[in-house]
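# Reading the structure
Residue strings, one per chain:
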Amino acid sequence: QLQASGGGLVQAGGSLRLSCAASGRTFSNYNMGWFCQAPGKEREFVAHITRSGGNTIYAGSVKGRFTISRDNAKNTVYLQMNSLKPEDTAVYYCATDQGIYYSQPYYSERRYDFWGQGTEVTVSS
């Protein structure tokens, strides 16, 4: 089970930190990703982190503003979101990447095999 939290309402330029806690799984065995889905749009890739946390990948729209990290001792992956913009408004989802669909690119939903329920982020202008 993946439980995302930390969403809320924030003004443009503000910050939020999202958390995604995993239970019932060997968290350190999995790469992890964050996606977002804005109203009326398809779900989009935000960031990916490897098992050890040693490598990260970001969507161009968030690079330099968002930081993905993880604490394997706490079975949790984080998304630090700074300099938020109204266009960041979306429901944010975390997902596991067990490597089963390794042929799929990082930015594709098809690479990810288990999804959390999402946490809503609203950025006001």
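For the structure itself, consult the block above.
Conventions adopted
- Residues numbered from 1 in each chain as written.
- Predicted model: local features only at pLDDT ≥ 70, side-chain atom pairs only at ≥ 80, totals over all residues.
- Heavy atoms only, no water.
- Disulfide = S-S within 2.5 Å.
- Helix = DSSP H or I, 4+ residues; strand = E, 2+ residues; numbered from the N terminus.
- Buried < 20%, exposed > 50% of the residue type's maximum accessible area, 1.4 Å probe, protein only.
- Core = buried A, V, L, I, M, F, W, Y, C linked by side-chain atoms within 4.5 Å.
- Pairing = 2+ DSSP bridges.
- Axes fitted to C-alpha atoms, helices over the stretch in contact; angles between N-to-C directions.
- Phe/Tyr/Trp six-rings, centres within 6.5 Å; stacked < 30°, edge-to-face > 60°.
- Lys NZ or Arg CZ within 6 Å of the ring centre and 35° of its normal.

## As for the state of the cysteines
- Using the criterion set out here, one finds one disulfide in the structure.
- The side chain of Cys-20 participates in a disulfide bridge whose partner is Cys-94; the two sulfur atoms lie 2.0 Å from each other. Taking the sign of the torsion about the S-S bond as the criterion, the disulfide between Cys-20 and Cys-94, at about 65°, is right-handed. Of the two residues, Cys-20 sits in strand S3 (residues 16-22) while Cys-94 sits in strand S9 (residues 90-97), which places them 74 residues apart along the sequence.
- Judged by its relative accessible area of 0%, Cys-20 falls in the buried class.
- Unpaired in this structure, Cys-36 has its nearest cysteine sulfur neighbour in Cys-94, at a distance of 13 Å.

## A closer look at the nonpolar core
- Ranked by internal contacts, the top residues of the largest apolar core, which has 34 residues, are Trp-34, Val-46, Leu-79 and Tyr-92.
- Those elements that place two or more of their residues in this core are strand S1 (2-5), S3, strand S4 (31-37), strand S5 (44-49), strand S7 (66-71), strand S8 (76-81), S9 and strand S11 (119-124).

## Description of the sheet that holds S7
- Taken in spatial order, the four strands line up as S1-S3-S8-S7 in an open sheet, and their pairing is antiparallel. The sheet terminates laterally at S1 and S7, the two strands that pair on one side only. Mean inter-strand twist for the sheet, computed between neighbouring axes without regard to direction, equals 15°.
- Relative to S8, S3 is paired through six bridges, and the arrangement is antiparallel. Looking at the pairing, Leu-18 lines up with Leu-79 of S8.

## A closer look at unusual backbone geometry
- Even without being glycine, Asn-75 reaches a positive phi, approximately 55°.
- Looking at the secondary structure, you find Asn-75 in the loop between S7 and S8.
- For Asn-75, a relative accessible area of 24% gives the class partly exposed.
- Phi angles above zero are rare outside glycine, and Ser-83 is one such case at about 50°.
- As for its position among the elements, Ser-83 is in the loop between S8 and S9.

## Digging into the packing of aromatic side chains
- What the rule picks out here adds up to four aromatic pairs.
- Both rings, one in Phe-35 and one in Phe-45, keep their centres 5.7 Å apart while their planes meet at 75°; by these two values the pair is edge-to-face. Of this pair, Phe-35 sits in strand S4 while Phe-45 is found in strand S5, placing the two residues ten residues apart along the sequence. Comparing Phe-35 with Phe-45 shows no difference in burial state: the two are buried.
- Note on Phe-35 and Tyr-112: the rings are 5.0 Å apart at their centroids and 80° apart in plane angle, and the pair reads as edge-to-face. Here Phe-35, found in strand S4, pairs with Tyr-112, found in the loop between S9 and strand S10 (114-115); they are 77 residues apart in sequence, far enough to count as distant.
- Here a set of aromatic residues connected by ring pairs shows up, and it is made of Phe-35, Phe-45, Tyr-112 and Trp-115.
- When the ring centre of Tyr-106 is taken as reference, the NZ or CZ atom of Arg-111 above it lies at 4.3 Å.

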